[in-house]
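Notes for the structure review
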Amino acid sequence: MATDWPKASGTELDRESVDRDELAGQYREPPENMQRNIVSGVLSVVSGKVVTMVIGIMTTPILYRLLGPGQFGEYTTVLSVHAILMIFVSSGITDGVRKFVAEDRAGTPGWKPNVVGFYFRIAVALALLGVVGYIAAIQLGLVDWLFGPKFETYFSLMIVMVVAAQVWAYARKTLMGFGLERYSEPLKVLYRLVFATSALALVYVGYGVIGALAGQVLGTLLVGIIGLVLVTRQIPVRALFQSAPAAFPRKQMVTYNVMAVALSLFLLSLYHVDIIMLQTLAGSTQVGNYKAALVLAEFLWFVPITLQTVYVHSTSELWSQGRFDRIADLAARTTRYTLLLTALMALGLGSLANIVVPIYWGDAALPAISPLLLLLPGAIGFATVRPTLAIQQGHGQLRYPVLATAAAALLNLGCNFLLIPRYGMSGAAVATSIGYGSMLFFHVWSARKLGFDPIGDARLLRIGATVAIAAVPIVLLSRLLPGSIAPLLIVPPVGLVVYLTAAFLTGALTVQECLDLLAAFPDPIGSFVDRFDTRRRTRSMATLLPERNQLWLLVIGLLLFAAGTAVAAFDTML
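Residues numbered from 1 in each chain as written. Predicted model: local features only at pLDDT ≥ 70, side-chain atom pairs only at ≥ 80, totals over all residues. Heavy atoms only, no water.

When you go through the chain residue by residue, the secondary structure sums to 18 helices and zero strands. Across the 574 residues in the chain, those meeting the buried criterion constitute 52%. Pairs at least 24 apart in sequence give 82% of the contacts found in the chain among residues at least 6 apart. (Helix = DSSP H or I, 4+ residues; strand = E, 2+ residues; numbered from the N terminus. Buried < 20%, exposed > 50% of the residue type's maximum accessible area, 1.4 Å probe, protein only. Contact = heavy atoms within 4.5 Å.)

Shown next as structure tokens:
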């Protein structure tokens with residue numbers, strides 16, 4: 001008899017919840033436990049991203065110096081084209097398997113194995129189509145016509161990369177759907193290590209762009225195989241090849257896949273259209289310097305990308321349980337925290353750009369300073385909306401997110417088309433910043449269509465006041481301090497203290513919110529903060545906290561400090 005597959009809505013519980021129900025009725029995980037689970041997932045991803053970021057920080061400028069701006073631009077162009085191809089090969093697969101594996105489907109025998117097997121078979125078929133696409137593009141002369149004959153060798157190597165990237169993307173997102181970030185993220189670190197060591201070694205001995213691409217293939221293939229082995233430990237191997245029952249909701253999944261591909265296509269175009277157009281219109285050297293600016297600007301996305309990675313499958317579970325108030329609160333708080341954090345990072349990076357760029361990339365990358373500064377405003381907007389985008393993906397109804405992203409992508413494409421021919425990489429930076437920034441406005445509209453408001457608790461005026469207050473001492477300190485080392489050592493910690501003080505005084509952030517966030521961390525941090533907060537609540541805090549008038553006196557004092565810094569800087573210049 002065919003199984004009645006329930007839809008991912010209402011109050012269905014997962015298999016563990018069913019076991020608890022048998023003992024204690026309809027059990028629903030307390031909100032604080034759910035918050036701690038989400039934070040634990042975020043911390044697992046953060047730990048992996050911190051390590052990979054450190055490895056990237058150390059190795060990327062070395063690769064840039066070994067290849068030079070021209071070859072680094074060629075390498076970047078190949079990876080951009082490959083990323084666009086992989087949208088059609090893997091985007092629907094990875095988003096779908098992560099979402100549906102994480103969903104609550106109570107009373108559905110074999111749900112997770114059938115989901116994993118269904119997407120595995122599609123992944124294999126699409127990878128083969130990707131291989132055929134690369135071969136056809138090379139044999140028909142399309143690669144030569146677009147980029148030149150030497151790119152044919154590069155894309156011949158990328159034929160292997162299609163298969164490797166598909167296996168790795170499928171395995172990683174499947175593990176994340178099972179909540180196994182503790183496995184998926186260390187594998188990402190291993191990929192980065194293998195790529196960095198092999199690519200740098202091959203480039204150093206003279207293999208150039210081919211060596212860098214070979215390092216990508218080797219690292220991706222290794223972690224893909226290991227990840228697939230870990231997936232088979234969660235489900236029977238035969239589930240990968242065994243057809244799902246007739247009642248399996250294939251239509252629902254295929255529909256989601258198609259919309260996910262459209263969403264990824266528009267999203268990835270924001271990252272790569274500017275690079276490809278710049279390559280064809282301005283040449284590899286400008287692409288290399290422009291990519292250097294992009295890499296630094298995208299450091300602002302570190303925490304937002306981490307949240308986006310975890311929120312898709314975490315909020316998918318919340319949506320399926322009908323916990324809409326929890327989703328609305330999560331979206332509003334996350335948006336405000338993300339905006340506060342990325343604005344601080346942008347202030348620091350922008351004020352130190354003249355120092356950071358030549359130290360990190362070398363003097364050859366000095367032309368990247370201007371596009372970096374132009375990219376920062378848009379990068380803040382895109383960073384702020386990333387968690388909201390993930391929550392919309394977890395909902396499963398992708399119509400409005402696709403329309404919002406399409407509008408931003410078309411705006412980005414049009415601006416690049418108008419500005420790159422006339423202004424080169426500076427035009428690309430302005431166009432991309434406009435495209436990035438528009439994502440915030442379009443996706444606020446999209447989120448409201450789905451029933452939640454990501455800026456409902458944004459406190460935009462207070463955040464604006466915080467940025468304005470902190471910007472003066474941060475920028476002036478970076479200009480006043482002599483040399484290169486002193487600003488790098490002094491500006492970040494002083495800027496952080498000034499920024500947090502301004503945030504607390506303006507009400508953009510409260511002490512209690514910080515304590516609540518830390519209390520959700522895994523033990524021993526969470527339990528320690530819980531005990532501290534409990535003791536704090538039992539005491540009378542009225543004498544410890546300043547009154548409202550005193551708060552404004554502190555704000556005025558902070559402004560006077562900033563003004564004093566400005567006067568000192570002016571006197572020094574005189």
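What follows deals with the pattern of salt bridges. Under the defined criterion, the tally for this structure stands at six salt bridges. Among the ionic pairs, Asp453 bridges to Arg448, the shortest N-O distance being 3.2 Å. Since its relative accessible area comes to 27%, Asp453 is described here as partly exposed. In this structure Arg448 comes out as partly exposed when scored by relative accessible area, which is 48%. Here Arg459 ties to Asp457 by a salt bridge, and the two come within 3.2 Å at their closest N and O atoms. Using a relative accessible area of 24% as the deciding quantity, one classes Arg459 as partly exposed. Accessibility expressed as a relative area gives 24% for Asp457, which makes it partly exposed. What you see here is one network of salt bridges that share partners, running through Arg336, Asp457 and Arg459. (Salt bridge = Lys/Arg side-chain N within 4 Å of Asp/Glu carboxyl O.)

A separate point is the packing of helix α7 (residues 250–282) against helix α12 (residues 369–395). As a packed pair, α7 and α12 sit with axes 13 Å apart at the nearest point and diverge in direction by 170 degrees. Judged on the interaxial angle alone, α12 and α7 are roughly antiparallel. Note on element contacts: α12 touches α7 through Phe382, Arg386, Leu389 and Gln393, opposite Tyr256, Leu263, Leu267, Leu270 and Tyr271. Across the contact of α7 with α12, the residue classes break down as seven nonpolar, one polar and one charged. (Axes fitted to C-alpha atoms, helices over the stretch in contact; angles between N-to-C directions. Parallel < 35°, antiparallel > 145°, perpendicular 65-115°, else oblique. Nonpolar A, V, L, I, M, F, W, Y, C, P; charged D, E, K, R; others polar.)

What follows deals with the packing of aromatic side chains. Taken as a whole and judged by the stated rule, the model has 18 aromatic pairs. Here Phe72 and Tyr75 contribute two aromatic rings whose centre-to-centre distance is 6.2 Å and whose plane-to-plane angle is 45 degrees, an arrangement assigned as tilted. Remark: Tyr75 and Phe72 occur in helix α2 (residues 31–102); sequence separation between them is three residues, near one turn of the helix. Taken together, Tyr64, Phe72, Tyr75, Phe299, Tyr360 and Trp361 form an aromatic cluster joined through their ring pairs. (Phe/Tyr/Trp six-rings, centres within 6.5 Å; stacked < 30°, edge-to-face > 60°.)

This part covers a nonpolar patch on the surface. A cluster of nonpolar residues, Ile62, Leu66, Tyr204, Val205 and Tyr207, forms a patch on the protein surface that exposes about 560 Å² of accessible area. Elements with a contribution of two residues or more to the nonpolar patch: α2 and α6 (181–232). Per-element tally for the nonpolar patch: the top contributor is α6, with three residues. Topologically, Tyr204 is positioned in helix α6. On the accessibility criterion, Tyr204 (66% relative accessible area) is exposed. (Patch = residues over 30% accessible without salt bridge, like charges linked within 9 Å, V, L, I, M, F, W, Y side chains within 5 Å. Areas by Shrake-Rupley, 256 points an atom, 1.4 Å probe, with all protein chains shown as cover.)

The next subject is the packing of helix α3 (residues 111–139) against helix α5 (residues 150–177). Geometry of a packed helix pair, given as the angle between the helix axes and the separation of the axes. Where α3 meets α5, the closest approach of the two axes is 9 Å, and the angle between their N-to-C directions is 170 degrees. When the axes of α3 and α5 are compared, the pair comes out roughly antiparallel. In this structure, α3 contributes Val116, Tyr119, Phe120, Ala123, Leu126, Ala127, Gly130, Val131, Tyr134, Ile135 and Ile138 to the contact, and α5 contributes Glu152, Phe155, Ser156, Met158, Ile159, Val162, Val163, Gln166, Tyr170 and Thr174.

To continue, consider unusual backbone geometry. Of note in the backbone geometry, Arg459 takes a positive phi value of approximately 55 degrees without being a glycine. You can see Arg459 is positioned in the loop between α13 (399–450) and α14 (460–480).

Quick look at helix α8 (residues 284–297) now. The terminal C-alpha atoms of α8 lie 20 Å apart, and with 14 residues this matches the ideal 20 Å at 1.5 Å per residue to within 8%. By the burial criterion, the buried members of α8 are Ser284, Val287, Gly288, Asn289, Tyr290, Lys291, Ala292, Ala293, Leu294, Val295, Leu296 and Ala297. (Expected span 1.5 Å × (residues − 1).)

With respect to the element layout, Thr77 can be found in helix α2. Assessed through its relative accessible area of 0%, Thr77 is described here as buried. What Thr77 contacts, discounting residues up to four positions off in sequence, is Phe147, Phe151, Ile275, Gln279 and Val287.

Time to look at the confidence of the model for the chain. Scored by pLDDT, the chain has a mean of 78; 78% of the residues are at 70 or more. Averaged over each element, pLDDT in the chain is lowest for helix α1 (residues 15–24) (32) and highest for α6 (91). In this model residues 1–36 is a low-confidence stretch, pLDDT under 50, and it forms 71 contacts with partners more than four residues away in sequence or in other chains. Below a pLDDT of 50 lies the segment residues 540–549, which in the model reaches three contacts outside its immediate sequence neighbourhood of four places, other chains included. (pLDDT = per-residue confidence, 0-100.)

On to helix α11 (residues 353–361), then. Counting buried residues along α11, seven of its nine residues qualify, which places the element largely inside the surrounding structure. Among the residues making up α11, those that are buried are Ala353, Ile355, Val356, Val357, Pro358, Tyr360 and Trp361. Looking one or two places after α11, you find Gly362, whose phi comes out positive at around 105 degrees.

Turning to the side chain of Lys291, a few remarks are in order. With respect to the helices, strands and loops of the structure, Lys291 is situated in helix α8. Contact partners of Lys291, with chain neighbours within four places excluded, come to Phe72, Thr76 and Ile275.

Next up on the list: the environment of Leu193. For Leu193, the position within the fold is in helix α6. Linking Leu193 and Gly219, residues 26 residues apart in sequence, is a C-alpha distance of 7.8 Å.

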